[in-house]
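This is what each chain is made of:
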Amino acid sequence: MTEEIRMTGASGEPVAVVGMACRFPGADDLDGFWRMLRRGGDAIGPGTGLRDGRRPGGYLRDVELFDAELFGISPHEAALMDPQQRLLLELCWHALEDARIPPTAGGATGVFVGSCSDDYALLSRMSGAVDAYTMTGTARTFLANRLSYFFRFTGPSTVVDTGQSSSLTALDQALGSLRRGECTTAVVAGVQLNLTPTGDRLIEELGAMSPTGRCHTFDARADGIVRGEGAGVLVLKPLEAAVAAGDRVYCTVLATAVNNDGGGPSLTTPTQAAQQNLLAEAYRRAGVDPAGVAYVELHGTGTKAGDPVEARALGGVLGRGRLADRPLLVGSVKTNIGHLEGAAGIAGLIKTAASLFHRELPPTLNHRRPHPDIDLDGLRLRVTTRRRAWPAAEGPLVCGVSSFGLGGTNAHAVLGEAPRREADAPASGAEGTRREAVLAASREQLPRREAVVAASGAEGARREAAAPASRARVSDEPVPVLLSGHTEAALRDQAARLADRLERHDEADLRDVGLASATTRAALPVRAAVIASERAELVTRLRELAGGASADGATILTGRPGAEPTARPADGNEPVTAAATAGAAFVLGKPVDWLAVYGPQARPADLPLYPFQRRPYWLDTATPTGPATDGSAPPWSGDPLDLVLDLTAEILGRAPGTDLDLDATFTDLGLDSRMAVALRTAVARATGRVLPTTLLFDHPTPAALIEALRSDDTKGHEFR
C-alpha cells in the first residue's frame with residue numbers, strides 16, 4: 001500500500017468496515033437507525049413490556065424474542081441464555097450477510113465483544129434456576145465464545161470490560177489482532193441490556209442520572225445521563241484485502257488509542273490531561289493533522305462534570321490552529337437513544353460510519369444554549385444541531401469517535417472515508433473535491449464503480465451508477481435466483497422480502513441478484529430456486545412462492561438437500577432448462593460453479609437480511625430441572641413467612657431480615673414483572689411445588705402469598 005492510502009504515515013494498515021448490523025432503541029436494523037438519525041428521531045421513553053414502569057430511557061422492544069431453532073438451541077437452553085448472547089447471534093448473522101459473507105463460511109475470524117453488564121445472570125441467580133446450561137448461558141465470556149463456536153470462527157475470542165468504553169476498546173484489540181495476523185477478519189461488537197432496575201439505582205446513587213429523562217450534551221441544561229440499551233456488530237478486514245475483493249467499504253479505521261486517567265480527583269471523575277493525551281496519540285498513530293479532522297462523535301453523556309472536561313480536551317488538541325469559521329463539528333448519538341454503556345462506543349461508531357458512507361451528518365438533539373463551562377467559540381467547537389453535508393475537505397474526510405469508561409479507561413478511534421475512484425468524487429460544490437485514495441492496482445480490481453448510497457442503506461444497500469459499456473445488462477436470458485430458510489415460513493418470508501426489495505430498487509441486474517443469492521447467503525435446509533429473465537417476472541414468481549404456490553417444474557423448484565425436488569426441470573427452451581438445472585442442483589445440495597452460471601461480469605447485489613422466526617424465551621419458560629414436580633417430592637414443612645420475606649428482600653437487593661409491609665403489593669414494594677418471575681421461581685424451587693405463572697397476580701401481597709402457601713390450595717391452584 002502507498003502512503004496515499006496510509007494518509008501521512010499511519011502506524012499500521014488501515015482497516016475497512018465492510019459489514020454492519022445493529023438493533024438500537026427506535027430502530028430494529030441499520031436502515032431504521034439511519035432513517036431515525038436523519039430525521040432527528042428521539043427514541044427515549046418510559047419502560048414498557050418487560051420493563052413496564054421503569055424510568056425514561058432508550059429501550060429495545062421484545063428482548064425476550066429469539067430464533068433458537070436457527071441456531072440449533074433447545075427451548076430450555078435458550079430460556080437460560082442471556083438475551084445479550086441471543087441478540088449478538090442474530091446481529092452477527094446479519095452483519096456477515098451485510099458484508100456479503102455467508103454466515104456458515106467460518107474461518108480465521110476473531111471476535112471482540114465489549115460488555116459491562118449481565119443483568120440476566122442476576123435474575124438467574126435470584127430465581128434459583130441453575131442447571132448445566134447456567135454457566136454457558138450467563139457467564140460473560142460466552143458473549144464472544146458462543147459466536148466463535150456457532151459461526152466456526154478460529155481467531156481470538158475475547159470479551160472486553162472497561163466499563164462504558166468497552167466496545168471501543170474491543171475495536172482497539174481487534175485492530176491489533178488483524179495487524180498481527182492473528183485473524184484475517186474481525187467481528188467487533190458491543191451489547192447492553194438493562195433488564196433490572198438495579199442499574200438505575202446504582203447510577204442514581206452516583207448522582208449521574210438525569211432527573212429530566214433527556215440527554216443534553218454540551219448544553220446548559222445538562223443534568224446527567226439517560227440509560228439506553230442495544231447492540232451493534234461490525235465486520236472488519238484489512239483495507240487492502242477489502243479493496244482486492246471488491247467489498248463495499250463503509251469507512252476505514254485509521255487508528256485507535258486507549259489510556260487511563262491514572263488518578264485524579266476521584267475514581268469516577270475524568271481528567272482533561274488524560275483525554276488530551278489520548279487524542280494526540282490517536283491522531284499521531286493515524287498520521288493525521290488534528291486540525292484537519294472534520295467531526296468527532298462525542299462521548300457526550302450530558303453530565304455537568306464530564307462534558308466540560310471533554311470539550312476542553314478536544315479544544316486543546318483538535319481545536320488548535322482552526323479558523324473561527326472552520327470549527328470542529330461535534331455531536332452525540334446519546335441524545336437520540338441514550339447512553340448504551342458497554343455498547344456506547346459501537347453505537348457512536350456505527351452512526352459515524354453511516355454518516356461517512358452517506359456523506360451527511362445527522363443532527364444532535366436537545367442543544368439550545370452552550371454549557372456555561374464550555375466556551376464553544378473559544379475552543380473552536382460547534383455542536384451539529386441540524387442535518388447537513390460534511391464540510392468541504394481537500395483530502396479524504398477524517399473524523400473521530402470517543403468513548404470513556406467510568407473507571408477512567410478512555411478510547412478514541414480515527415475514521416476515514418472509504419476509498420473511491422475518481423469517477424465517484426463530486427467535481428465541485430458543497431462536498432468539495434476529494435483526493436483519490438485508491439491504489440492504481442486496486443482500480444484494476446474494481447471493474448465497476450460502487451456509488452455511495454444516497455438514501456437507503458440499512459442492509460448496506462448500494463446504488464449502482466450507470467453500468468460501463470463493457471458490461472451489457474442482460475435481461476433476456478433466464479437465471480436462477482436462490483432462496484433458503486430453516487423453516488418453510490422463513491423461506492416464504494425471504495421470498496416476500498426479496499420481492500419488496502426488487503420493487504423498490506428497479507435498477508437491479510438479475511445476474512447480480514442471482515450471484516448474491518448463491519454466494520453471499522447461507523444455504524439452509526428448506527430451499528427454492530426461482531427462474532426468471534426480467535425483474536417483473538421474478539417479482540411475480542417470488543410473490544407466488546411467498547404465498548405458498550407449488551413448484552411448476554420450470555420456474556419454481558423447491559425441496560431439501562438429499563431429497564428429490566418437488567418438480568424436475570421441464571424440457572423445452574434451452575436457457576430455461578439450463579437455469580432450472582442449476583436451480584435444481586442447489587435445491588438438491590449439489591455443487592455448482594455459480595460464476596459460470598451468472599457470468600464473469602456479475603457482481604453480488606445487496607439482498608434483504610435473513611428473516612428470523614423469533615419466539616419468547618425467558619427464565620419462566622425453562623423446563624424445570626430442579627425439585628421434582630411429579631408429586632414424588634416430600635411435602636415442604638418450612639415457615640412460609642420467613643421464606644417469602646427473605647426471598648423478597650433478596651430479590652429487592654435488601655439485607656436479610658429487612659422489615660417489609662406484608663399488606664403492600666409486591667409492585668409497591670418495588671418488584672417489576674421480571675423480579676416477580678424470579679420470586680415465583682425461587683419459591684417453587686425452595687418448596688418443591690409446582691406454582692402457577694399467575695402466582696403473584698392471584699396473591700399480590702406478601703401476606704396473601706404466605707397464606708396461600710400455608711393453606712396449600714387457597715385459590716384452587718395445584719400446590720404440591
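What comes next concerns the included structure. Quick caveat: nothing in here was measured; it's all calculated off a predicted structure.

**Observations concerning the overall build of the chain**
Part 1 of the reasoning: Each helix and strand counted, the chain has 25 helices and 18 strands in total.
Part 2 of the reasoning: Expressed as a percentage of the 720 residues in the chain, the buried residues total 58%.
Part 3 of the reasoning: For the chain, the proportion of contacts with a sequence separation of at least 24, taken over those separated by at least 6, is 78%.
Part 4 of the reasoning: Here the chain displays about 27,500 Å² of accessible surface, and carbon together with sulfur accounts for 50% of that area.

**A look at the pattern of salt bridges**
Part 1 of the reasoning: Per the counting criterion, the structure on display carries 31 salt bridges.
Part 2 of the reasoning: With a shortest N-O distance of 3.1 Å, Arg140 and Asp118 are connected by a salt bridge. Linking Arg140 in the loop between α5 (134–138) and α6 (142–151) with Asp118 in the loop between β3 (109–114) and α4 (119–127), this pair joins segments that are 22 residues apart in sequence.
Part 3 of the reasoning: Among the salt bridges present, the one from Arg543 reaches Glu503, with a minimum N-O distance of 2.8 Å. Of this pair, Arg543 sits in helix α18 (residues 535–546) while Glu503 sits in helix α16 (residues 488–504), placing them 40 residues apart in sequence.
Part 4 of the reasoning: A cluster of three or more residues bridged by salt bridges with shared partners is formed by Arg54, Asp200, Arg227 and Glu341.

**Description of the sheet that holds strand β14 (residues 409–417)**
What links the strands of a sheet is backbone hydrogen bonding, and the strands pair in either a parallel or an antiparallel sense.
Part 1 of the reasoning: With respect to topology, 11 strands assemble into an open sheet ordered β4-β3-β5-β6-β1-β7-β14-β13-β8-β9-β11, the strand pairing being mixed. Strands at the two margins of the open sheet, each flanked by one partner only, are β4 (157–160) and β11 (381–383). Neighbour to neighbour, the strand axes of the sheet diverge by 25° on average, direction disregarded.
Part 2 of the reasoning: Relative to strand β7 (residues 251–260), strand β1 (residues 15–23) is paired through 3 bridges, and the arrangement is antiparallel. Within the sheet, the bridge partner assigned to Val17 lies in β7 and is Cys251.

**A few points about the side chain of Asp606**
Part 1 of the reasoning: Residue position: Asp606 is located in the loop between α20 (594–598) and β18 (615–616).
Part 2 of the reasoning: Overall, Asp606 belongs to the buried group, its relative accessible area being 9%.
Part 3 of the reasoning: Polar side-chain contacts of Asp606 include one of 3.2 Å to the side chain of Arg100.
Part 4 of the reasoning: At 3.0 Å, the side chain of Asp606 and the side chain of Arg248 are in polar contact.

**A word on the nonpolar core**
Part 1 of the reasoning: Counting 81 residues, the largest nonpolar core has Phe71, Leu88, Trp93, Val113 and Phe151 as the members making the most contacts within it.
Part 2 of the reasoning: No other element matches helix α3 (residues 83–98), which puts 8 residues into this core.
Part 3 of the reasoning: Leaving out residues up to four positions away in the same chain, Leu88 has contacts with Val113, Leu143, Leu147, Ala189, Gly190, Val191, Ala231 and Val233.
Part 4 of the reasoning: Core analysis: the next-biggest nonpolar cluster, separate from the first, contains 51 residues, Leu30, Ala186, Val253 and Ile337 among them.

**Thoughts on the pairing of strand β16 (residues 526–532)**
Part 1 of the reasoning: Counted residue by residue, β16 has 7 buried out of 7 residues, so it is predominantly covered.
Part 2 of the reasoning: The two faces of β16 match: Val526, Ala528, Val530 and Ala532 on one face and Arg527, Ala529 and Ile531 on the other face are all buried.
Part 3 of the reasoning: Relative to β16, strand β15 (residues 479–485) is paired through 7 bridges, and the arrangement is antiparallel. For Val479, the partnering residue across the bridge sits in β16 and is Ala532.
Part 4 of the reasoning: Bridge count between β16 and strand β17 (residues 556–559): 4 bridges; the pairing is antiparallel. Directly across from Val530, in β17, lies its bridge partner Ile556.

**A word on the side chain of Asp247**
Part 1 of the reasoning: Topologically, Asp247 is positioned in the loop between α9 (239–244) and β7.
Part 2 of the reasoning: Accessibility expressed as a relative area gives 17% for Asp247, which makes it buried.
Part 3 of the reasoning: In contact with Asp247, not counting residues within four places along its chain, are Val18, Lys237 and Ala242.

**Quick look at the packing of α16 against α18**
Part 1 of the reasoning: Where α16 meets α18, the closest approach of the two axes is 8 Å, and the angle between their N-to-C directions is 150°. In terms of axis orientation, α16 runs roughly antiparallel to α18. When the axes of α16 and α18 are compared, the crossing they make is left-handed. From α16, Arg492, Ala495, Ala496, Leu498, Ala499, Asp500, Leu502 and Glu503 reach across to α18, where they touch Arg535, Leu538, Val539, Leu542, Arg543, Leu545 and Ala546.
Part 2 of the reasoning: By residue class, the composition of the contact of α16 with α18 is 10 nonpolar, no polar and 5 charged.

**Structural notes on helix α17 (residues 510–519)**
Part 1 of the reasoning: Most of α17 is tucked away: 9 of the 10 residues are buried.
Part 2 of the reasoning: Along α17, the residues classified as buried are Leu510, Arg511, Asp512, Val513, Gly514, Leu515, Ala516, Ser517 and Ala518.
Part 3 of the reasoning: Packing partners of the buried residues in α17 comprise β15, α16, β16, α18 and α20.

**Here we look at the pairing of β7**
Part 1 of the reasoning: Of all the 10 residues making up β7, 7 are buried; the element is thus mostly covered by neighbouring parts of the structure.
Part 2 of the reasoning: In terms of strand pairing, β7 meets β14 through 9 bridges, oriented antiparallel. Paired with Val253 across the bridge in β14 is Leu415.

**Concerning the packing of aromatic side chains**
Part 1 of the reasoning: The full count for this structure, using the stated rule, is 15 aromatic pairs.
Part 2 of the reasoning: Where Trp93 meets Phe151, the ring centres are 6.4 Å apart and the plane angle is 55°; that geometry is what we call tilted. With Trp93 in helix α3 and Phe151 in helix α6, the pair connects residues that are 58 residues apart, well separated along the chain.
Part 3 of the reasoning: Taking the relative accessible area as the measure of exposure, Trp93 reaches 2% and is therefore buried.
Part 4 of the reasoning: Look at Phe151 and Phe153: their rings are 5.5 Å apart centre to centre, the planes differ by 15°, and that puts the pair in the stacked class.

**Considering unusual backbone geometry**
Backbone geometry follows two general trends: most residues other than glycine have a negative phi, and most peptide bonds adopt the trans configuration.
Part 1 of the reasoning: The residue Arg152 is not glycine, and still its phi comes out positive at about 60°.
Part 2 of the reasoning: Positionally, Arg152 belongs in the loop between α6 and β4.

**What about the packing of helix α21 (residues 640–651) against helix α25 (residues 702–711)?**
Part 1 of the reasoning: Following both chains from N to C, one finds α21 and α25 inclined at 140°, their axes separated by 9 Å at the closest point. When the interaxial angle is binned, α21 and α25 end up oblique. As for the relative orientation of α21 and α25, their crossing is right-handed in sense. Of α25, the residues touching α21 (which contributes Pro640, Leu641 and Val644) are Pro702, Leu705, Ile706, Leu709 and Arg710.
Part 2 of the reasoning: By residue class, the composition of the contact of α21 with α25 is 7 nonpolar, no polar and 1 charged.

Cut-off values and rules
- The residue numbers shown here count from 1 along each chain, following its written sequence.
- Per-residue local features are limited, in this predicted model, to residues with pLDDT of at least 70; the limit for side-chain atom pairs, both in listing and counting, is 80 or more; totals at the level of whole chains, interfaces and linings are taken over all residues.
- By convention in this description, side-chain values take in all heavy atoms of the structure and omit both hydrogens and water.
- Only DSSP runs of H or I covering at least 4 residues are called helices, and only runs of E covering at least 2 are called strands; the numbering of each starts at the N terminus.
- For each residue, the accessible area found with a 1.4 Å probe, counting protein chains only, is set against the maximum for its type, and the residue is called buried under 20%, exposed over 50%, and partly exposed in between.
- We call two residues contacting when some pair of their heavy atoms lies within 4.5 Å.
- Only the protein chains shown count as covering a residue, and every accessible area follows the Shrake-Rupley method with a 1.4 Å probe.
- In what follows, salt bridge is the name for a side-chain nitrogen of Lys or Arg lying within 4 Å of a carboxyl oxygen of Asp or Glu.
- For two strands to pair, DSSP has to find at least two bridges joining them.
- Lines fitted to C-alpha atoms define the axes here, with helix axes fitted over just the stretch in contact, and angles between the N-to-C directions of these axes take values from 0 to 180 degrees.
- By the criterion applied in these results, polar contacts are pairs of N or O atoms within 3.5 Å in which, for protein atoms, one can donate a hydrogen and the other can accept it, and in which residues neighboring in sequence qualify only through two side-chain atoms.
- Nonpolar cores were defined as sets of buried Ala, Val, Leu, Ile, Met, Phe, Trp, Tyr and Cys residues, with membership established by side-chain atoms within 4.5 Å.
- Every angle not falling under 35 degrees, over 145, or within 65 to 115 is termed oblique; those three ranges are roughly parallel, roughly antiparallel and roughly perpendicular.
- When the near helix sits turned anticlockwise from the far one by under a right angle, the crossing is termed left-handed; a clockwise turn instead gives a right-handed crossing.
- In this count, Pro and Cys sit with the nonpolar residues alongside Ala, Val, Leu, Ile, Met, Phe, Trp and Tyr, while Asp, Glu, Lys and Arg are called charged and the others, Gly among them, polar.
- A pair of aromatic rings is counted whenever rings of Phe, Tyr or Trp (Trp by its six-membered ring) have centres within 6.5 Å, and the orientation is called stacked for planes under 30 degrees apart, edge-to-face for over 60 and tilted otherwise.

Structural measurements only, silent on function.
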